[in-house]
Each structure stands twice: as C-alpha cells, then as structure tokens.
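Observations on the three-dimensional arrangement
Chain by chain, the residues run as shown.
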Amino acid sequence: MKKIEYKWIALSCTSLGAFFSVLSGSTLIIALPNIMKDLHADMITIMWTVMIYMLALTILVPSFGRIADMYGRKKLYIWGFIVFTFGSLLCGFSRSGLQLILFRLVQSIGGALLVANSAPIVADAFSKKELGKAMGINAMVISIASIAGPILGGALVNFGWRNIFFINIPIGIFGALWAG
C-alpha cells in the first residue's frame, strides 16, 4: 500500500476544517426561528448569535495568523478543532439567548484558529506548481459547505435545533485526531 503524502493529508484536514467552520454558520441560519422560540429570545439576541461569530472571526483571524507564525500552525490548527468542538457542545446545551451568544463566541475562537491556519498550512505543504490546484480544492469545499449547510440545517432542525451544534462534535473530534 502506498503511503499518503503529507501534502494530501494537510489538504484533506484543512478542507475538513474549512467545511466544518462554514457549514456551522450556514446550518444555523435555518434554525434561528426555532432557537428564538425555544430560548424565548428577542430578535436582537438572535442576530447577535449570528453576528458574534462573524465579528470574532474578522477580528481574530489576522491575530491568530501572526501567533501561528510564532508558535506553530499545526498546533494552533488542532486547537481550533478542539475549541470549536467544545464551543459547539456548549452551544447545544445553551439555556438562554445570552448563553448561546457567549458559547458562539467560544465556537468562533476555534473557527478563527481554523480559518487563520488553513491556507498557510496548504501553502507550506504544496509546491508552487501544485498550489493553485490545492487552494482551488479548498475553495470548492467551502462553496459546497455554503450550499449544503442550509439543506443539512433543514434536516437537522426537524430533530431539534440543538443538533445543529451537536453534529459538529464527531466531526471536530475526527478533525483534531486527523490533524494530529
């Protein structure tokens, strides 16, 4: 059996992380009315549930990119899976709108670690000749997650909105192990 080259392992792992991060945001959109009703939350709280994730990513990705340059991309990437998965678990057990916002912030810290390190890991693993193909595959996975998210969200919300977050747990555990 032929040994899989590191570059393909790196690409598959970073693609999983990108898929994971984008999928979580797009599945959530479908569940917002159910979350609002179940947690007795107002529209502002529900909007912050979505906005806190994007705001934190926007602020943290550049900082985490620099920190990863200093302490190691792979290590922080694995921590991204761990923190995102833990945040997802907390989100699934939220009992109020405020808890959900705070736990989404935890989840977004993990997402920022994944996003900040994904492209640099791929860029380090592939030669300049193959880099375009690798980045294209990574971008394609992100596009698929954007499309699949609402479909998966619609299916999961039938079993309860908390499953939108709980589905991330096995993916996150697998991703952390695969990245290690």
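Heads up: the structure comes first, above all this text.
Residues numbered from 1 in each chain as written. Predicted model: local features only at pLDDT ≥ 70, side-chain atom pairs only at ≥ 80, totals over all residues. Heavy atoms only, no water.

**Section: the nonpolar core**
If you look at the biggest cluster of nonpolar residues, it comprises 25 residues, and the most contacted ones within it are Y77, F81, L114, F126 and A179. Put simply, the parts of the chain that give this core at least two residues each are α1 (6-38), α2 (43-71), α3 (73-92), α4 (97-125) and α7 (168-179). At seven residues, α4 tops the list of elements feeding residues into this core. With residues up to four places along the chain from it excluded, the contact list for A179 reads C13, K74, Y77, I78 and F81. Grouped together as the second largest cluster of nonpolar side chains are 15 residues, I46, L100, V157 and W161 included. (Core = buried A, V, L, I, M, F, W, Y, C linked by side-chain atoms within 4.5 Å. Buried < 20%, exposed > 50% of the residue type's maximum accessible area, 1.4 Å probe, protein only. Helix = DSSP H or I, 4+ residues; strand = E, 2+ residues; numbered from the N terminus. Contact = heavy atoms within 4.5 Å.)

**With respect to α4**
Along its 29 residues, α4 runs 41 Å from first to last C-alpha, staying within 8% of the 42 Å computed at 1.5 Å per residue. Most pronounced at N117, the bend in α4 amounts to some 30 degrees, and the proline P120 follows within four residues. (Expected span 1.5 Å × (residues − 1). Bend = angle between axes of the 7 residues up to and from the residue.)

**Here's the deal with the packing of α1 against α4**
Interaxial distance between α1 and α4 falls to 9 Å at its minimum, and their mutual angle equals 155 degrees. Looking at the two axes, α1 sits roughly antiparallel to α4. The handedness of the crossing between α1 and α4 comes out as left-handed. Contacts between α1 and α4 involve Y6, K7, A10, L11, T14, G17, F20, S21, S24, L28 and I35 from the first element and L100, R104, Q107, G111, L114, V115, S118, I121, V122 and A125 from the second. Its residues assigned to classes, the contact of α1 with α4 shows 12 nonpolar, seven polar and two charged. (Axes fitted to C-alpha atoms, helices over the stretch in contact; angles between N-to-C directions. Parallel < 35°, antiparallel > 145°, perpendicular 65-115°, else oblique. Left-handed = near helix turned anticlockwise from the far one by under 90°. Nonpolar A, V, L, I, M, F, W, Y, C, P; charged D, E, K, R; others polar.)

**Concerning the environment of P150**
As for its placement among the helices and strands, P150 is situated in helix α5 (residues 128-157). For P150, a relative accessible area of 30% corresponds to the partly exposed category. For the pair P150 and G136, spaced 14 residues apart in sequence, the C-alpha separation works out to 23 Å. The residues contacting P150, other than those within four sequence positions of it, are S26 and I30.

**A closer look at α5**
A rise of 1.5 Å per residue sets the reference length of α5, with its 30 residues, at 44 Å; its end C-alpha atoms lie 43 Å apart and thus fit the reference within 8%. Among the residues of α5, those classed as buried are E130, A134, N138, V141, A145, G149, G153, L156 and V157. On the buried face of α5, the contacting elements are α1, α4 and α6 (163-166).

**Remarks on the environment of V141**
Tracing the sequence through the fold places V141 in helix α5. You can call V141 buried: its relative accessible area is 16%. Counting along the chain gives 76 residues from V141 to G65, while the straight-line C-alpha distance between them is 21 Å. Once residues within four sequence positions are removed from consideration, V141 is found in contact with S15 and F19.

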